[in-house]
Amino acid sequence: MAPTNAARSSIATEEALPDLQAQDNFVEHILKNTTSRPPITFSNVLSEINYLNLIILTAIPALSVYGACTTELRWETTVWSMLYYLITGLGITAGYHRLWSHRSYNASKPLEYFLAMAGSGAVQGSIKWWSRNHRAHHRYTDTDLDPYDARKGFWWSHVGWMLVKPRIKPGPADVSDLSRTAVVRWQHRWYIYLIVGMGLVFPTAVAWLLWGDARGGFFFAGAARLCFVHHSTFCVNSLAHWLGDTPFDDKHSPKNHFITALVTVGEGYHNFHHQFPVDYRNAIKWYQYDPTKWFIWVCSKVGLASHLKSFPDNEVKKGELTMQLKRLRAEQERITWPEESHSLPVISWQSFQEQSTKRPLVLVTGFIHDVSGFLDEHPGGRHMLAKYMGRDATTAFFGGVYDHSNAAHNLLSMMRVGVLCGGVPHALEEKAVPPSQRLRVARNDELANPYSSPGSSSGYEGEEIL
Ligand SMILES: [Zn+2]
Ligand SMILES: [Zn+2]
């Protein structure tokens, strides 16, 4: 069916978008075609500062300290400040972040407006501006197109990026869905009134009207609470890319840590979040601290939220297993393993016989072992080893005389000095591999022959001197 005019024009618009033009490396392509502001020096710092942000981010902490030193703290105001911290924090985490930036669930109209107002009380820019930056942060993590690039240091990603004019425009990110969302447009239109109203007027009015503490309401539930909400959110960009571990992927800087979760209303499982950003959860274990997830879940149970998205457990487990295998591989590489057959000399039966008269050599599963350092250590006695010098002790080793432990087999393999020409007798190929090497972490390019190094040959050719 031929496309309609509307469809054609929407396709034409899409073709004009820079990220739909195929590039070898999109980030490099954008960087090449984008001008960046000059590095900040003593001579240009005054003209590069973002004064509005600087005033907000210094006046609020200054007001908080002044208020804390000059105002009596009443218990009602303390409880209200903490509660309002949680409400405005959820406006950011459940609203700005998980609902609008990532579309990880659907919210009903009342919940949308509640979150938009609560988020305004956190005074962090409009939903559209915040989400546009956040989508760029996810898409260009750890590149120059990430507006709060963690590679530029803790303080840059925490607050520095807001205190100066953006050095480079954040990479392209599509927020056309938000432009069509009524609540986003409503918040954008009334933003100034909303931040003054929800940031300072409302928390002051509640304390004033309900228990007559306007001054405490202003300084504690207003200013100090706002300061805490600011730095709580900023920690998602700084602390969550700096402190913790990487149980799902280590390609980029995001990390998981309980402390980050504690100070960010549950956004601390950031390693998981960057891998599975459309998941409404940050913490996937029941005991991990993620009040934002609990809030969204409760909203879904009372009909305020729906279509909660969670990544298939099977895919999540792949990430976890990959990281576990990486750790095991590193552990495996720290262990000393026996010589592989391709790196040992291949000798004939006759040569083996001759050499055995000069030193204690024992044949087990096709490998020739020099047991001279072990004669007196052998739990079965020196005489037992002496009896098998120059002979094939395979059957004796595997139960003919004594069914040796896996540890004994592993230890024996460390005494390998040669391979018998003619291969492994008794069809014991499985037993020729020591138990510790039967299950190993192998890279994809090693899978063809997991017990040999890439490019090695296992030629049983010729004859060398032991
Ligand atoms: Zn991040
Ligand atoms: Zn995110």
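Quantities reported herein were computed from a predicted structural model and do not represent experimental measurements.

**Q** Where do I start with the confidence of the model for the protein chain in this structure?
**A** If pLDDT is low for a region, its predicted coordinates should not be looked at in detail. Per-residue confidence for the protein chain gives a mean pLDDT of 91; residues scoring 70 or more make up 90%. A low-confidence stretch, residues 7-12 stays under pLDDT 50, and its non-local contacts, those more than four residues away or across chains, total two contacts. Considering only residues more than four positions removed or in separate chains, one finds that residues 453-462, a stretch of pLDDT under 50, has 13 contacts.

**Q** For this particular structure, what's the right way to read helix α12 (residues 214-237)?
**A** In an α-helix, one turn spans 3.6 residues, which is why side chains three or four residues apart end up on the same side. For α12, with 24 residues, the first-to-last C-alpha span of 34 Å sits near the 34 Å given by 1.5 Å per residue. At Arg225, α12 is deflected by roughly 30 degrees, the largest bend along its length. With 19 of 24 residues buried, α12 lies mostly within the body of the structure.

**Q** So what exactly am I meant to see when it comes to the pairing of strand β6 (residues 416-420) here?
**A** Successive residues of a regular strand alternate their side chains across the two faces of the sheet. As defined by bridge partners, strand β3 (residues 346-347) adjoins β6 across two bridges and the pair is classed as parallel. By the bridge assignment, Val346 is partnered in β6 with Val419. Inspection of the sheet shows strand β5 (residues 367-370) paired to β6 by three bridges, in the antiparallel sense. Bridge pairing in β6 places His369 opposite Arg416.

**Q** Explanation requested: the packing of helix α5 (residues 75-101) against helix α6 (residues 109-120) in the structure shown.
**A** For any two helices packed against each other, the geometry is given by the interaxial angle and the distance between the axes. At a minimum axis distance of 7 Å, the contact between α5 and α6 shows a crossing angle of 120 degrees. Seen from above, α5 lies across α6 with left-handed handedness. Together, Ile87, Thr88, Leu90, Gly91, Ile92, Ala94, Gly95, Tyr96 and Leu99 of α5 and Leu115, Ala116, Ala118 and Gly119 of α6 make up the contact between the two elements. For the contact of α5 with α6, the residue count by class is nine nonpolar, four polar and no charged.

**Q** How do you make sense of the sheet that holds strand β4 (residues 361-364) when you look at a structure like this?
**A** Strand pairing within a sheet occurs via backbone hydrogen bonds; the two strands may be parallel or antiparallel. Across the sheet, four strands lie side by side as β3-β6-β5-β4; this open sheet has mixed pairing. For this open sheet the edge positions go to β3 and β4, each flanked by a neighbour on one side alone. Here helix α17 (residues 349-356) sits on the sheet in contact with β3, β4, β5 and β6, set at roughly 145 degrees to β4.

**Q** Would you explain the nonpolar core in this entry?
**A** Across soluble globular proteins, you tend to see nonpolar side chains buried next to one another. The biggest cluster of nonpolar side chains holds 45 residues, and the ones touching the most others in it are Leu115, Ile127 and Ile296. For this core, the secondary-structure elements that each account for two or more residues are α5, α6, α7 (127-139), α10 (182-189), α11 (191-211), α12 and α15 (291-301). A per-element tally of this core places α5 first, with ten residues. Sequence-distant contacts of Leu115, that is, excluding residues within four places in its chain, are made with Gly91, Ala94, Gly95, Leu99 and Ala107. Membership of the second largest hydrophobic core comes to 18 residues, among which are Val364, Phe367, Ile368 and Val371.

**Q** Sorry if this is basic, but what is going on with α10 here?
**A** For α10, the set of buried residues is Val183, Val184 and Gln187. An end-on view of α10 places all buried positions within 100 degrees of arc, on one side of the element. Exposed positions of α10 whose direction lies more than 90 degrees from the buried face are Ala182 and Arg189. Buried residues along α10 sit in contact with α5, α6, α7, α9 (176-179) and α11.

Definitions and cut-offs
Residues numbered from 1 in each chain as written. Chains lettered and ligands numbered in written order. Predicted model: local features only at pLDDT ≥ 70, side-chain atom pairs only at ≥ 80, totals over all residues. pLDDT = per-residue confidence, 0-100. Contact = placed C-beta atoms within 7 Å. Helix = DSSP H or I, 4+ residues; strand = E, 2+ residues; numbered from the N terminus. Expected span 1.5 Å × (residues − 1). Bend = angle between axes of the 7 residues up to and from the residue. Buried ≥ 20, exposed ≤ 12 C-beta atoms within 10 Å, placed from the backbone. Pairing = 2+ DSSP bridges. Axes fitted to C-alpha atoms, helices over the stretch in contact; angles between N-to-C directions. Left-handed = near helix turned anticlockwise from the far one by under 90°. Nonpolar A, V, L, I, M, F, W, Y, C, P; charged D, E, K, R; others polar. Core = buried A, V, L, I, M, F, W, Y, C linked by C-beta atoms within 7 Å. Arc of directions from axis to C-beta.

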